[in-house]
Amino acid sequence: MIKAIFFDLDDTLLWDQKSVKEAFAATCRAAQQKYGIDPEALEEAVRKEARELYSSYETYSFTQMIGINPFEGMWGNFLDDDDNFRKMKGIVPAYRQEAWTRGLQAMGIEDPEFGYELAERFPAERRNNPFVYEETFKVLDELKGKYQLLLLTNGSPDLQNTKLEITPEIAPYFDHIVISGAFGRGKPDPSIFEHALTLMSLHKDEVIMVGDNLMTDILGASRVGMKSVWINRHNKERNEVVPDYEIKHLEELYSILESLKKE
Ligand SMILES: [Mg+2]
């Protein structure tokens, strides 16, 4: 008997990838206006430089364990009370400027000051572009009251809470919000799933995990023996991690939950 649903946040309820894409597009248009360069080529160059730089910092293994990607590093403030987050807070200003400056260089433009301007602009554009999937609130409205709801998200508490502040309709649906950076370990570590179960005083058989990431949401759920639903909106190939259910749209959850009532 399913009593609670654990939802992932980014790219499950919030359309983070689109928000990041739009922030890049708006920021790169500023470079197009100044230098006439192709904004999409600049975006690709900056993404590449960002990934490389991000993996070169001493905080990289921490960001991987907690689950903070290079593009979150491009706009998060990381004002968290923790030594690793303090390190990140110290690193990100130079990281951003360097990623944008190197991206410009890859386009043949030598202008670190403008790199800095773009680096400062990107976080504002990301904040201004919070996208939510069209069905998110409809589905939460339908499930709220019938099931207990817990948000299980990887990331910096400061940044994940910022996302929840700029889309304030989401948080009130949830009985609990668990953020990996506050707990100390991220999905797919079984301990964060166990922690979430303890918060709800529920057994693994009473919960189903819904998320878009096979290697965090689905792998972690399977490690603790919890049922899982993989939301695969973009026809991604499956790997060795096997979800119990695969859907393309969150409204497909209703029939899965109905069928589980009969078990
Ligand atoms: Mg996700």
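Just so it is clear, the model here is predicted, and its values are computed rather than measured. (Residues numbered from 1 in each chain as written. Predicted model: local features only at pLDDT ≥ 70, side-chain atom pairs only at ≥ 80, totals over all residues. Heavy atoms only, no water.)

Within the secondary structure layout, Thr-167 lies in the loop between helix 8 (157-166) and strand 3 (176-179). Residues Thr-167 and Glu-58 lie 109 residues apart in sequence; the distance between their C-alpha atoms is 32 Å. (Helix = DSSP H or I, 4+ residues; strand = E, 2+ residues; numbered from the N terminus.)

So, about the sheet that holds strand 4 (residues 207-211). Across the sheet, which stays open at both edges, the 6 strands sit in the order 3-2-1-4-5-6 with parallel pairing between neighbours. This sheet does not close on itself; its edge strands, each paired only once, are strand 3 and strand 6 (245-247). Strand-to-strand twist in this sheet, taken as the mean axis angle between neighbours without regard to direction, amounts to 20°. By the bridge criterion, 4 bridges tie strand 4 to strand 5 (residues 227-231) in an arrangement that is parallel. Along strand 5, the bridge assignment pairs Gly-211 with Trp-230. Packed on one face of the sheet, helix 10 (residues 190-200) meets strand 1 (4-7), strand 2 (148-153), strand 3 and strand 4 and runs near 155° to strand 2. Against the sheet, helix 11 (residues 214-223) engages strand 4 and strand 5, with an angle of about 160° to strand 5. (Pairing = 2+ DSSP bridges. Axes fitted to C-alpha atoms, helices over the stretch in contact; angles between N-to-C directions. Contact = heavy atoms within 4.5 Å.)

A word on the nonpolar core. Membership of the largest hydrophobic core comes to 33 residues, with the highest contact counts inside it found for Phe-24, Leu-42, Met-74, Tyr-95, Trp-100, Leu-104 and Phe-122. Residue assignment for this core shows that the elements contributing at least two residues are helix 1 (16-35), helix 2 (39-54), helix 3 (60-66), helix 5 (83-106) and helix 6 (112-128). Here Met-74 is in contact with Phe-24, Val-46, Ala-50, Tyr-95, Arg-96, Ala-99, Trp-100, Phe-122 and Pro-123, once residues within four sequence places are set aside. Counting residues in hydrophobic clusters, the runner-up holds 26 residues, among them Leu-140, Ile-247, Ile-256 and Leu-260. (Core = buried A, V, L, I, M, F, W, Y, C linked by side-chain atoms within 4.5 Å. Buried < 20%, exposed > 50% of the residue type's maximum accessible area, 1.4 Å probe, protein only.)

Another point: the coordination of the magnesium ion. Perfect tetrahedral coordination of a metal by four donors corresponds to 109.5 degrees between them, and perfect octahedral coordination by six donors corresponds to 90 or 180 degrees. Coordination sphere of the magnesium ion, protein contribution only: Asp-8 (OD), Asp-10 (O) and Asp-212 (OD), at 2.1 to 2.2 Å. Site description for the magnesium ion: donor spacing in sequence, D-x1-D-x201-D. Separated by 202 residues along the polypeptide, Asp-10 in the loop between strand 1 and helix 1 and Asp-212 in the loop between strand 4 and helix 11 bring together distant segments of the chain. Accessibility assignment for this pair places Asp-10 and Asp-212 in one class, buried. (Donors = N, O, S within 2.8 Å, 3.2 Å for Na, K, Ca; no water.)

Two elements in contact, helix 5 and helix 6, have axes whose closest approach is 8 Å; the angle formed by their N-to-C orientations is 120°. On the basis of their axis angle, the class for helix 5 and helix 6 is oblique. Regarding helix 5 and helix 6, the two cross each other, and that crossing is right-handed. Across the interface between the two elements, Arg-96, Gln-97, Trp-100, Thr-101 and Leu-104 from helix 5 touch Pro-112, Phe-114, Gly-115, Tyr-116, Leu-118, Ala-119, Phe-122 and Pro-123 from helix 6. For the contact of helix 5 with helix 6, the residue count by class is 9 nonpolar, 3 polar and 1 charged. (Parallel < 35°, antiparallel > 145°, perpendicular 65-115°, else oblique. Left-handed = near helix turned anticlockwise from the far one by under 90°. Nonpolar A, V, L, I, M, F, W, Y, C, P; charged D, E, K, R; others polar.)

Our focus in this paragraph is the pairing of strand 5. Burial analysis of strand 5 places 4 of its 5 residues in the buried class, the great majority of the element. Following the backbone out of strand 4, through helix 11 and into the adjacent parallel strand 5, one traces a crossover that is right-handed. Of the strand pairs in this sheet, strand 5 and strand 6 are connected by 3 bridges, and their pairing is parallel. By the bridge assignment, Val-229 is partnered in strand 6 with Tyr-245. (Right-handed = clockwise from strand over helix to strand, strands pointing away.)

This paragraph deals with the domain arrangement of the chain. By a widespread convention, an interface's size corresponds to the accessible area lost as its parts come together. Considered domain by domain, the chain is made up of domain 1 (4-15 + 131-261) and domain 2 (16-127). Using C-alpha coordinates to define each centre, domain 1 is positioned 27 Å away from domain 2. With 20 residues of domain 1 in contact, the opposing surface of domain 2 contributes 19 residues. Between domain 1 and domain 2 the total buried area reaches about 1700 Å² when both faces are included, carbon and sulfur atoms providing 57% of it. Applying the counting criterion to the domain 1 and domain 2 interface returns 1 salt bridge. At the boundary of domain 1 and domain 2, one finds 14 residue pairs in polar contact (both at pLDDT 80 or more). Contributing elements (two or more residues each) for the side of domain 1 that touches domain 2: helix 8 and helix 9 (180-183). When residues in the side of domain 1 that touches domain 2 are grouped by element, the largest group, 7 residues, is from helix 8. Grouping the constituent residues of the side of domain 1 that touches domain 2 by class yields 6 nonpolar, 9 polar and 5 charged. (Domains from an automatic or database assignment. Buried area = accessible area lost by both parts, 1.4 Å probe. Salt bridge = Lys/Arg side-chain N within 4 Å of Asp/Glu carboxyl O. Polar contact = N/O pair within 3.5 Å; in protein donor to acceptor, adjacent residues only side chain to side chain.)

Let's shift gears to the packing of aromatic side chains. Tallied over the full model, the rule gives 13 aromatic pairs. Ring centres of Tyr-35 and Phe-114 lie 5.8 Å apart, and the angle between their planes is 65°; on these two criteria the pair is classed as edge-to-face. A residue pair is termed long-range when its members are at least 10 positions apart, and Tyr-35 in helix 1 and Phe-114 in helix 6 qualify at 79 residues. Overall, the relative accessible area of 5% leaves Phe-114 in the buried class. (Phe/Tyr/Trp six-rings, centres within 6.5 Å; stacked < 30°, edge-to-face > 60°.)

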